[in-house]
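# Report on the structure
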Amino acid sequence: MIFIFFGPPGSGKGTQAKYLVDNYDFAHISTGDLLRHEIEKQTVLGNEVNTIMESGAYVPDKIVIDLIENVLSTSENSNFIFDGYPRTLNQALAFDALLSVKKLKVDLVFNFDVDKDLLIKRISGRFSCASCGAVYNDTFMKTVVEGICDKCGSYEFFRRKDDNLEVFKKRVEVYLKEIKMVRDFYRNKNLVKDIDASQAAELIQIEVKNSLIQSGFII
Ligand code: ADP
Ligand code: AMP
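Nothing here was measured: the structure is a model prediction, and the numbers come from that model.

### Concerning the sheet that holds strand S1 (residues 2–6)
Strand order across the open sheet formed by five strands is S2-S3-S1-S4-S8, with parallel pairing between neighbours. Strand pairing shows two members of the sheet lacking a second neighbour, strand S2 (27–30) and strand S8 (192–196), which therefore form its edges. Taking the axes of each pair of neighbouring strands and ignoring which way they run, one obtains an average angle of 20° across the sheet. With four bridges connecting them, S1 and strand S3 (residues 80–83) associate as parallel partners. In the sheet register, Phe 5 faces S3, and the bridge partner there is Asp 83.

Given below as structure tokens:
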């Protein structure tokens, strides 16, 4: 099964994907995470995309398409949540072509919709566990005990460099410019489920889960 989560930065895609991974047999593929991993490892690719990502622009299609091809050919899992991919029409077309070679197809697309003012609050308060990657928020999703990760007990946290107001504006602008064609592409295939992602995370979880149940993907 192939599911896509798209929505602007801070709309809660990663949070919801992690919930599904913790409770069902899904692999979570976030192109943002894959690219940040390359930067952390200081690979040639990481060095190439670092400044682009810091600026809030998209990295070239070819790079992300190759990354996804690599993931699909090496992963043993056949149930995937793609978070933040595809983000351009070129990526969506390349994804369809790649999936059809593997006799797979996109099963459902969740469109996370959130008001821009709320996104700013979510992004400016986001922090993550440096050890397990769990995502928190200063206002909306605090750790149970301050300074300790609920999931793995680590004391180390980090904030993303691109989670600042100036870069956020650029990220939203690029997102809005590119996503329309991607959304129409999947709407024409009748695959898009719109989600009001300004709700509390628990309510979104229920909505996503119910859609997957109704479509027969999980029980
Ligand atoms: P995305 O993957 O779409 O960029 P995240 O899942 O990382 O978004 O969420 C962005 C920030 O908002 C994080 O700090 C997260 O803890 C918080 N968050 C996620 N979902 C909600 C929600 N429904 N309500 C309030 N805060 C949320
Ligand atoms: P994210 O973690 O999804 O917020 O993505 C962080 C950054 O990674 C984006 O601002 C882009 O620079 C880059 N990126 C992630 N996914 C893609 C994609 N599918 N296409 C182009 N750039 C991407």
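### Considerations on the pairing of S3
Of the two faces of S3, both are covered, the one formed by Phe 80 and Phe 82 as well as the one formed by Ile 81 and Asp 83. The sheet contact formed by S2 and S3 spans four bridges and is parallel. Bridge pairing links Ala 27 to Phe 80 in S3.

### Here's the deal with the sheet that holds strand S7 (residues 157–158)
Spatially, S6-S5-S7 is the arrangement adopted by the three strands of the open sheet, whose pairing is antiparallel. Looking at strand neighbours, the two that pair on one side only are strand S6 (135–137) and S7, the edges of this open sheet. Bridge count between strand S5 (residues 126–129) and S6: three bridges; the pairing is antiparallel. By the bridge assignment, Ser 128 is partnered in S6 with Val 135.

### Re the site of ligand 2
Around ligand 2 sit 16 residues, and of these Thr 31, Arg 36, Ala 57, Arg 87 and Arg 160 come closest. At a separation of 3.2 Å, a nitrogen atom of ligand 2 approaches a polar backbone atom of Val 59. Side-chain polar atom of Arg 160 to an oxygen atom of ligand 2: 2.9 Å apart, as the coordinates give it. If ligand 2 stood free it would expose 480 Å²; the protein chains cover 96% of that surface. Ranked by residues supplied to the shell around ligand 2, first place goes to helix H2 (residues 31–40) with four residues.

Cut-offs and rules
- Residues numbered from 1 in each chain as written.
- Chains lettered and ligands numbered in written order.
- Predicted model: local features only at pLDDT ≥ 70, side-chain atom pairs only at ≥ 80, totals over all residues.
- Heavy atoms only, no water.
- Pairing = 2+ DSSP bridges.
- Helix = DSSP H or I, 4+ residues; strand = E, 2+ residues; numbered from the N terminus.
- Axes fitted to C-alpha atoms, helices over the stretch in contact; angles between N-to-C directions.
- Buried < 20%, exposed > 50% of the residue type's maximum accessible area, 1.4 Å probe, protein only.
- Near = heavy atom within 4 Å.
- Polar contact = N/O pair within 3.5 Å; in protein donor to acceptor, adjacent residues only side chain to side chain.
- Areas by Shrake-Rupley, 256 points an atom, 1.4 Å probe, with all protein chains shown as cover.

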